[in-house]
Amino acid sequence: MKTMNLFQTVANTYASKLQLCYPQKPISYSFARTIHAHMIASGFKPRVHLLNRLIDVYCKSSKLVYGLHLFDEIPQPDIVARTTLISAYSATGNLKAAREIFIATPLVIRDTVFYNAMITAYSHNNDGLAAMELFLDMKRNGFWPDNFTFTSVLGALALVAEDEIQCQQLHCAVVKSGTGFVTSVLNALVSSYIKCASSPSVVSSSLMNAARKLFDEMPEKDELSWTTIITGYVKNDDLAAAREIFNGMTEKLGVAWNALISGYMHRGMYVESIDLFRNMYLSGIQLDEFTYTSIISACANGGFIQLGKQVHAYFLKNVADPSPDFSLPVNNALVTLYWKSDKVDEALKMFNAMQVKDLVSWNAVLSGYVNAGRMNDAISIFEEMPEKNILTWTVMISALAQNGFAEEGMKLFNRMKLLGFEPCDYAFAGAITSCSVLGALEHGRQLHAQLVRFGYESSLSAGNALITMYARCGNVEAAESLFLTMSCVDSVSWNAMIAALGQHGHGLQAIEFFELMLAEGMMPDRITFLTILSACSHAGLVKQGQHYFNSMKDVYKINPGEDHYARLIDLLCRAGKFSEAKCVMEEMPSEPGAPIWEALLAGCRIHANIDLGVQAAERLFELKPQHDGTYIQLSNMYAAAGRWDDVANARKLMKDRGVKKEPGCSWIEVESMVHVFLVNDTVHPEVQGVYNYLKQLNMKMRKLGYVPDTKFVLQDMEFDQKEAALSCHSEKLAVAYGLMKLPRGATVRVFKNLRICGDCHNAIKYVSKVVEREIIVRDGKRFHHFRDGHCSCGDYW
């Protein structure tokens, strides 16, 4: 008896000392280890309740291995130890181990708390269906759920709810259980209604009304109650209702302020977001990292850069020694603020000064360099990044495709897949854009097939990229077919299709699509008008183009920009209406810029209006002295008129100013490989065979009446030399190679970086008749479809 009393005294002493480990503190683990070591050293054999406490402290201190070791030493662990381990495994995300302990626990020793632990484990690890099934199993086995059960199972329901009946059924179960007055349960129920409201299969307003009714009838509301309903309205895009609830709060809670500020910011209501922030500041509400992050993001997206800098200064002055959890998201938002204000070097300075960086930080500074078009810097940042996610790869692939590095973009897409990243639809869109730039139709088709295999065929971004890809690779029929079969389209889709038709010379069909777009209730934007004006310009539809230009401001209240005026000037000058073009220039609200003079110069070249062309060129020399196109256009005009001294002067001026001409090249895809040809090419391994084939073609073409047009030779030389020079143009070499290598009857698709030469245009018309097949050439401005001796442009180019 005496021994028993002594044992009990020692046990009580250890128990009281272990009690000092609660509530959990950083020192709890060390203290518990010391007590445990003392037990072992003294030879004391603790009973289950002491072991349970040690297991609990170890698990809560993230020392699961020690807790598991003690658990394994217990011959028959009780329900407390099992529940503790399930909770510990849940915290580490090890659902498999938690489930094994649960299944191995006999039904006779289970209790409601034990079931709650496993339901919570499923819920916290986003396995809502398993949590719901376990809840039903719990009831079937006769265990009565309590308020903790319902809180967990309602949290699980919020993960999977797609039908309001599910919410209503659990609502009834809550009422029947008698827990319908518990605030935590009601908060979880409101959250479930709100989550279900986001499902596309339900009417969100009815569920939000149910959530609101439940909220209004709550006997007691806590901070979570208010923030749940306000956040719910914000997530369901009903900011008016969120503001109404917010205004009715008796106590202004910081989380609620943050939720509403963030809601305004994400909806693009930046002024409202900033006004609410000012009120929050004036009300003396404590600003936290969520407040700073939201308001800095609102300033960045809304263009309020000076205010963003003031917030930055206030943050530095008033937040002393912030924790990494506080400073990191704020610093990330500041990096974005500076690059969005075109201060990418300041963004980098901010980034370099950050003591703690995460993937968001790296992606933010990468986006800054991409946005600034500083691709070499962006590539360096990308390669330096310690880790990358799918967003990183997608940003870089798209940036390369859109900034003249299309081949590198394709290589990066393939590298991403080799490293085990599964591409998202935006990554596919970037890779497809690379194919558009390269004219790699077969690669584009393969990506289209992969897109379908990955289940992204309904993706709007990928679909729009495919429309552009097929159109820019010369297959406008495939582009139109894709457009007509897309599950949903937006203004980008319509703009892409109108642009495609315009580039291929189908001006009237482009107009039909534009009118159909209006009939479908889709409002045109400034990009739409750019595409329709270009379509009218390529097809010579002057009256229609003028009508659409005038309707921009008169009907759709869109002020034309310089780019729209440039399209109108191009339309008029191509048609030789220079007096009308000059009137438009005089009526412009601002001084004509480089795009206007470039359009005028191009029209002057077409119609040999040398005097006006010289005037346009001189103005461009002032505005863009390093642009090679102006010198080339002027030189070509002089050459066409036989003014060789002026040609020499234009070329000397170009040389003296250090301006280099972009070399003309043409390329063609054959058997998934791109072949590039230059003027007078001697590099391509099969170029001699191409020259021999061209000689044979030339003989057949001459029999049909082809005569080389030597006015397109831009150097003063003998007639025979001029003919030889014309025969070596890159587009002719690429067309000949395609005819040699592609299967008989296959369409030949050639791409050229500059405008097609006039003689080449005429020659390829004859070639199409000789070989009896379609030849498509995409030059720097548009497409030319050659069939049976004719071109789709009608020689209007």
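Please refer to the structure higher up on the page.
Every value quoted in this text rests on a predicted model; they were computed, and no experiment measured them. (Residues numbered from 1 in each chain as written. Predicted model: local features only at pLDDT ≥ 70, side-chain atom pairs only at ≥ 80, totals over all residues. Heavy atoms only, no water.)

Across 6 bridges, the pairing between strand S1 (residues 665–670) and strand S2 (residues 673–678) is antiparallel. Within the sheet, the bridge partner assigned to Glu 669 lies in S2 and is Val 674. Connecting S1 to the antiparallel partner S2 that follows it, the hairpin turn spans 2 residues, and Glu 671 within it adopts a positive phi of roughly 55 degrees. (Pairing = 2+ DSSP bridges. Helix = DSSP H or I, 4+ residues; strand = E, 2+ residues; numbered from the N terminus.)

At a closest axis distance of 8 Å, the pairing of helix H21 (residues 359–371) and helix H22 (residues 375–384) adopts a crossing angle of 160 degrees. Taken together, the axis directions place H21 and H22 in an arrangement best described as roughly antiparallel. In the crossing of H21 with H22, the sense of the turn from one axis to the other is left-handed. Residues Trp 362, Val 365, Leu 366, Tyr 369 and Val 370 of H21 pack against Asp 377, Ala 378, Ile 381, Phe 382 and Glu 384 of H22. The class makeup of the residues in the contact of H21 with H22 is 8 nonpolar, no polar and 2 charged. (Axes fitted to C-alpha atoms, helices over the stretch in contact; angles between N-to-C directions. Parallel < 35°, antiparallel > 145°, perpendicular 65-115°, else oblique. Left-handed = near helix turned anticlockwise from the far one by under 90°. Contact = heavy atoms within 4.5 Å. Nonpolar A, V, L, I, M, F, W, Y, C, P; charged D, E, K, R; others polar.)

Right, let's get into the sheet that holds strand S5 (residues 783–787). Taken together, the 6 strands give an open sheet; going across it, the order is S2-S1-S3-S4-S5-S6, and neighbouring strands pair in mixed fashion. Each having just a single partner strand, S2 and strand S6 (790–791) make up the two edges of the open sheet. Across 4 bridges, the pairing between strand S4 (residues 775–778) and S5 is antiparallel. The residue bridging Ile 775 from the neighbouring strand is Phe 786, located in S5. Helix H42 (residues 758–771) rests against S4, S5 and S6 of the sheet, and its axis sits at about 35 degrees to S5.

Mapped onto the elements, Pro 386 comes out in the loop between H22 and helix H23 (390–402). Pro 386 sits in the exposed class, given a relative accessible area of 63%. Here the alpha-carbon distance between Pro 386 and Trp 362, two residues 24 residues apart in the chain, equals 8.9 Å. (Buried < 20%, exposed > 50% of the residue type's maximum accessible area, 1.4 Å probe, protein only.)

Oppositely charged side chains may form a pair once their charged atoms are brought near each other. Under the criterion given, the structure shown has 21 salt bridges. Among the salt bridges present, the one from Lys 741 reaches Glu 686, with a minimum N-O distance of 2.7 Å. Of this pair, Lys 741 sits in helix H41 (residues 730–741) while Glu 686 sits in the loop between S2 and helix H39 (687–703); the two residues are 55 residues apart in sequence, bridging distant segments of the chain. By relative accessible area, Lys 741 is classed as partly exposed at 35%. Under the relative-accessibility criterion, Glu 686 is labelled partly exposed at 30%. Note that Lys 769 and Asp 788 form a salt bridge whose closest N and O atoms lie 3.4 Å from each other. Remark: Asp 788 occurs in the loop between S5 and S6 and Lys 769 occurs in helix H42; sequence separation between them is 19 residues. On the basis of relative accessible area, Lys 769 is assigned to the partly exposed category, the value being 40%. Through salt bridges with shared partners, a single ionic network connects Arg 212, Asp 216 and Glu 244. (Salt bridge = Lys/Arg side-chain N within 4 Å of Asp/Glu carboxyl O.)

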